[in-house]
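# Understanding the architecture of this molecule
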Number of protein chains: 2
Amino acid sequence: MSVTNTAVIPQVNGPIPAGPCGDDDCGIRDVLDRLGDRWTVLVLVELSKGTRRFRELERAIPGISQRMLTLTTKRLCRDGLVERTVYPTIPPQTDYRLTPMGKSLADMVFALADWSRDHKEAVAAARSRWDQEHL
Amino acid sequence: MSVTNTAVIPQVNGPIPAGPCGDDDCGIRDVLDRLGDRWTVLVLVELSKGTRRFRELERAIPGISQRMLTLTTKRLCRDGLVERTVYPTIPPQTDYRLTPMGKSLADMVFALADWSRDHKEAVAAARSRWDQEHL
DNA sequence: CAGGATCCACCGTGATACTG
DNA sequence: CAGTATCACGGTGGATCCTG
């Protein structure tokens with residue numbers, strides 16, 4: 001769906017041939033293609049705490065590279081989930097903050113995080129049991 | 001976290017250095033590393049409709065290869081989200097069905113799908129606006 | 001400080017062939 | 001039918017250097 005803007009931002013995964021959920025596209029992949037990469041949720045979580053500058057995000061998210069932070073924020077901006085405010089000062093300053101839609105997505109992420117916490121031990125247990133049986 | 005079972009199932013993404021969400025690991029990546037790949041959610045959605053055989057899953061999910069279906073179901077089994085029942089008949093038959101924990105994760109996925117539907121147009125609009133401005 | 005541009009390594013995925 | 005095994009490709013992300 002949507003003509004890919006090959007020129008500007010490197011895209012993530014390609015489309016899935018046909019939709020599941022019966023026979024219509026329930027569009028779940030749209031969200032997960034956005035959330036599924038390595039950094040998007042982390043940026044989302046950090047921005048849910050408030051407005052952040054580029055450097056602040058970089059420090060708040062250990063391990064992220066400048067390149068990936070740029071790409072991630074840019075994709076979020078493109079999708080209308082994050083707003084960018086540039087102050088043409090010297091040195092330059094750029095503020096990032098969630099749009100209302102971005103906040104609502106962040107809420108979904110927190111719900112997922114809750115699920116993750118609630119089932120962390122159960123998953124770990126099942127996993128070690130499986131590893132035990134399949135060694 | 002968790003010693004990777006290098007021998008059996010190819011793993012997905014590696015771990016993130018340190019946790020965000022303040023300074024403790026909120027574990028959100030655990031879920032998204034599972035959901036973030038190309039096929040897991042589709043299998044989850046299909047199995048949420050009921051018990052399915054291997055071939056049935058393959059047909060229900062257009063575009064998936066045998067290899068990826070095997071890998072995906074195996075990972076889901078390992079994590080205790082899916083149960084596998086093998087009938088040693090000829091030809092063989094294998095049933096897959098969600099565990100209670102798997103069902104609860106599927107519910108999360110449906111919540112995400114709802115969000116996706118609700119904001120699909122807004123995202124598309126923001127995207128085309130962005131593409132317009134950055135051509 | 002806030003990026004842009006390039007090169008490169010890894011691994012998730014697809015295609016194909018084979019097995020019990 | 002329900003997998004396993006092997007090979008090859010493409011994209012994501014990391015590292016590094018450069019700019020305004």
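Everything in this summary refers to the structure shown in the same document. Since the structure is predicted, the reported quantities are computational estimates derived from the model, not experimental observations.

Turning to the sheet that holds strand β1 (residues 52-53) of chain A, a few remarks are in order. Residues and elements named next belong to chain A. Read across the sheet, 3 strands follow the order β1-β3-β2 without closing on themselves; strand pairing throughout is antiparallel. In the strand order of this sheet, the two ends are held by β1 and β2 (82-87), each with one partner. In this sheet, strand β3 (residues 93-98) lies alongside β2 in antiparallel orientation, the contact comprising 6 bridges. By the bridge assignment for β3, Thr85 is matched with Asp95. Against the sheet, helix α2 (residues 40-47) contacts β1, β2 and β3, and its axis sits at roughly 90° relative to β3.

By size, the foremost hydrophobic cluster in this structure holds 66 residues, and its most contacted members are Leu35, Leu105 and Leu112 of chain A together with Leu35, Leu105 and Leu112 of chain B. Apart from residues no more than four positions distant in its own chain, Leu105 of chain A is found in contact with Val31, Leu35, Leu44 and Leu81 of chain A together with Trp115 of chain B.

Attention now goes to the sheet that holds strand β1 (residues 52-53) of chain B. Residue and element names in this part refer to chain B. Spatial strand order, β1-β3-β2: 3 strands in an open sheet with antiparallel pairing. Of all the strands in the sheet, just β1 and β2 (82-87) have a single pairing partner and so form its edges. Those strands touched by helix α2 (residues 40-47) are β1, β2 and β3 (93-98), and its axis lies near 90° from that of β3.

Let us now look at the pattern of salt bridges. Tallying each qualifying case throughout the model produces 18 salt bridges over all chains. Across the pair Glu46 of chain A and Arg52 of chain A runs a salt bridge, and its minimum N-O distance is 2.9 Å. Asp131 of chain B is the partner of Arg78 of chain A in a salt bridge, and the nearest nitrogen-oxygen pair spans 2.6 Å. With Arg78 of chain A in helix α4 (residues 66-78) and Asp131 of chain B in helix α5 (residues 100-133), the pair connects residues from two separate chains. Note on Asp131 of chain B: relative accessible area 21%, which makes it partly exposed. A network of salt bridges, in which partner residues are shared, links Arg34 and Asp79 of chain A together with Arg127 of chain B.

The rules behind each value
- Residues numbered from 1 in each chain as written.
- Chains lettered and ligands numbered in written order.
- Predicted model: local features only at pLDDT ≥ 70, side-chain atom pairs only at ≥ 80, totals over all residues.
- Heavy atoms only, no water.
- Pairing = 2+ DSSP bridges.
- Helix = DSSP H or I, 4+ residues; strand = E, 2+ residues; numbered from the N terminus.
- Contact = heavy atoms within 4.5 Å.
- Axes fitted to C-alpha atoms, helices over the stretch in contact; angles between N-to-C directions.
- Core = buried A, V, L, I, M, F, W, Y, C linked by side-chain atoms within 4.5 Å.
- Buried < 20%, exposed > 50% of the residue type's maximum accessible area, 1.4 Å probe, protein only.
- Salt bridge = Lys/Arg side-chain N within 4 Å of Asp/Glu carboxyl O.

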